[in-house]
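A look at the structure
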Amino acid sequence: MGESVLTAGFAPADGALACEGVSLETIAHEVGTPVFIYSAGAIRDAYTRLDRVLAPVPHRLHYSVKANSSLAVLALVHSLGAGVDIVSGGELHRARLAGLTGPDIVFSGVGKTERELREALAAGILLFNVESEGELRLLDRVAGDMRLTAPVALRVNPEVSVDTPHHYTRTGERGDKFGVPYGDALAVGRLAFTLPHTRLLGLDMHIGSQVSSVDPYRDGMLRLLELVDDLRAAGAPDLRYLDIGGGLAVTYDAEDPIDLDAYAATVLPNAAASALKLLVEPGRYLVGNAGVLLTRVLYRKEGGGREFVITDAGMNDLLRPSHYNAYHRIDSVRPRGGRTRADIVGPVCESGDFVALGREVDDVRPGDLLAIRSAGAYGFAMSSNYNSRPRAAEVMVDGDRFAVITAREQYEDLVRRETVHPTWRTA
Ligand SMILES: Cc1ncc(COP(=O)(O)O)c(C=O)c1O
């Protein structure tokens, strides 16, 4: 399954790589490079696979907007039946523009501001995944000011051991900044159903990202179930939701994706035992393998015993290799056949600007196109203007059609909010 999922939506046709029915060469010609390209069919397939294994229990997928927050992607997953998980007021704005309404939205994050709480209360969101006592008390005050009652799921740090490829992506271990520490959760949960303007409707965890083992889901859910019992015994009147976060791993290379059957075998009995509606917040699983970053080779050069392939995509476009030491497979769109071993690097003025080091790739020449695979999640969403590089365009393919869903930034966009002549203010 790994290979077919890894290459979801992308396959060679007439000697060149295509996304569904559209050649990547056509997109490069018409839209330019670098460009992120997403297969709508692959996103639909991933959604259906996950939704189907959870079918035996009442559930909803709340797509994690941070993975890929482009409006057309949000609208696509919403059309399939998903709600969303947001982590900022900006993501709330995006979600609503894409057609999601309050009941479709859960709001996570350790540092929600008063303004963000107000905006989400006004939008009538389904749940605030509250991560601290301080946030709970502020939410209660703000909801009171607005004459509303805030729906709360307590995000608990289950303090289990989580194995992910990089420690930055672990969020459910003891000492992580996320969630209410397990030992405090009963007291904070009790507060949530006692305060006048908050209503405790559920419990939540999110243990990490790119998690391939089901063990931490089992361990975490068991801890949440204990807490559900304790809260019910303490008189919690209205528990309805059990949110187990996202984190499901995809394949970038040789890693195992999450085994969906094993995941279901772990999650379903525990969800059924809780008698609560299951919420899941997948990000990467829905979009990760469904996208590539298409880039053009600018130069080849040798130096100090190393061979370099210099592309027009840099770390500002795809941060994962330098930030997480992440692996992305790299394929020539129209392979030449010979092989070479090279560092695949971008134009950014940082030695950390690479997609791969010492990688065996097709023996490309300047002008050739490379597809950096599995770039659908945490690709464009983490891109920046570093080195004053306009951000890439985004394209969605559906069957034999394609559309630009995000126009390439222009130089004017880089300086739109800046001024050469400051308007000074005095203290
Ligand atoms: C609260 C929350 N939910 C869901 C996710 C989605 O994670 P993933 O993309 O690994 O499914 C994240 C990302 O880290 C998150 O912080």
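Here the structure is shown first, and the text comes after it.
Bear in mind that the values here come from a model prediction, so they are computed numbers and not experimental data. (Residues numbered from 1 in each chain as written. Predicted model: local features only at pLDDT ≥ 70, side-chain atom pairs only at ≥ 80, totals over all residues.)

Moving on to the overall build of the protein. Within the protein, the secondary structure is distributed over 13 helices and 21 strands. Over its C-alpha atoms the protein spans a radius of gyration of 23 Å, differing by no more than 12% from the 22 Å that the globule rule assigns to 427 residues. Dimensions of the protein, computed from the C-alpha atoms along their principal axes, are close to 70 × 65 × 45 Å. In the protein, which comprises 427 residues, the proportion classed as buried is 47%. Partitioning the contacts of the protein with sequence separation of at least 6, the portion at a separation of at least 24 is 72%. (Helix = DSSP H or I, 4+ residues; strand = E, 2+ residues; numbered from the N terminus. Rg over C-alpha atoms; globule rule 2.2 N^0.38 Å. Buried ≥ 20, exposed ≤ 12 C-beta atoms within 10 Å, placed from the backbone. Contact = placed C-beta atoms within 7 Å.)

So, about the site of the ligand. Near the ligand, the surroundings consist of 18 residues, among which Ser64, Ser209, Gly246, Gly283 and Arg284 are the closest. Class assignment of the residues belonging to the shell around the ligand gives a composition of five nonpolar, nine polar and four charged. (Near = placed C-beta within 6 Å. Nonpolar A, V, L, I, M, F, W, Y, C, P; charged D, E, K, R; others polar.)

Residue position: Ala143 is located in helix H7 (residues 133–145). Sequence separation of Ala143 and Asn157 is 14 residues, and the distance between their C-alpha atoms is 25 Å. Every residue in contact with Ala143, bar those within four places of it in the chain, is listed here: Leu121, Leu148, Thr149, Ala150, His197 and Thr198.

The next subject is the packing of helix H5 (residues 89–97) against helix H6 (residues 114–123). Running from N to C, H5 and H6 cross one another at 25°; their axes reach a closest spacing of 9 Å. Judged by the inter-axis angle, H5 sits roughly parallel to H6. Note on packing geometry: the crossing formed by H5 with H6 is left-handed. Contact residues: H5 offers Gly89, Leu92 and Arg96, while H6 offers Arg115, Glu116, Glu119, Ala120 and Ala123. Considering only residue class, the contact of H5 with H6 consists of three nonpolar, one polar and four charged. (Axes fitted to C-alpha atoms, helices over the stretch in contact; angles between N-to-C directions. Parallel < 35°, antiparallel > 145°, perpendicular 65-115°, else oblique. Left-handed = near helix turned anticlockwise from the far one by under 90°.)

With 15 residues, helix H10 (residues 260–274) extends 21 Å from end C-alpha to end C-alpha; this agrees with the ideal 21 Å at 1.5 Å per step. Listing the buried residues of H10 in full gives Tyr263, Thr266, Val267, Ala271 and Ser274. Residues of H10 that are buried make contact with helix H3 (40–53), helix H9 (215–233), strand S12 (241–243) and strand S13 (277–280). Downstream of H10 by one or two residues, Ala275 has phi in the positive range, about 60°. (Expected span 1.5 Å × (residues − 1).)

Moving on, we get to the nonpolar core. By size, the foremost hydrophobic cluster in this structure holds 124 residues, and its most contacted members are Ile37, Ile43, Val152 and Leu154. For this core, the two domains that each supply at least three residues are domain 1 (2–39 + 288–415) and domain 2 (41–284). (Core = buried A, V, L, I, M, F, W, Y, C linked by C-beta atoms within 7 Å. Domains from an automatic or database assignment.)

The next point concerns the pairing of S13. Of the strand pairs in this sheet, strand S5 (residues 59–64) and S13 are connected by three bridges, and their pairing is parallel. If you follow His59 over to S13, its bridge partner there is Leu278. Taken together, the three bridges between S12 and S13 define a ladder with parallel strand orientation. Counted as the bridge partner of Leu242 is Leu278 from S13. Crossover connection from S12 via H10 to parallel S13: handedness right-handed. (Pairing = 2+ DSSP bridges. Right-handed = clockwise from strand over helix to strand, strands pointing away.)

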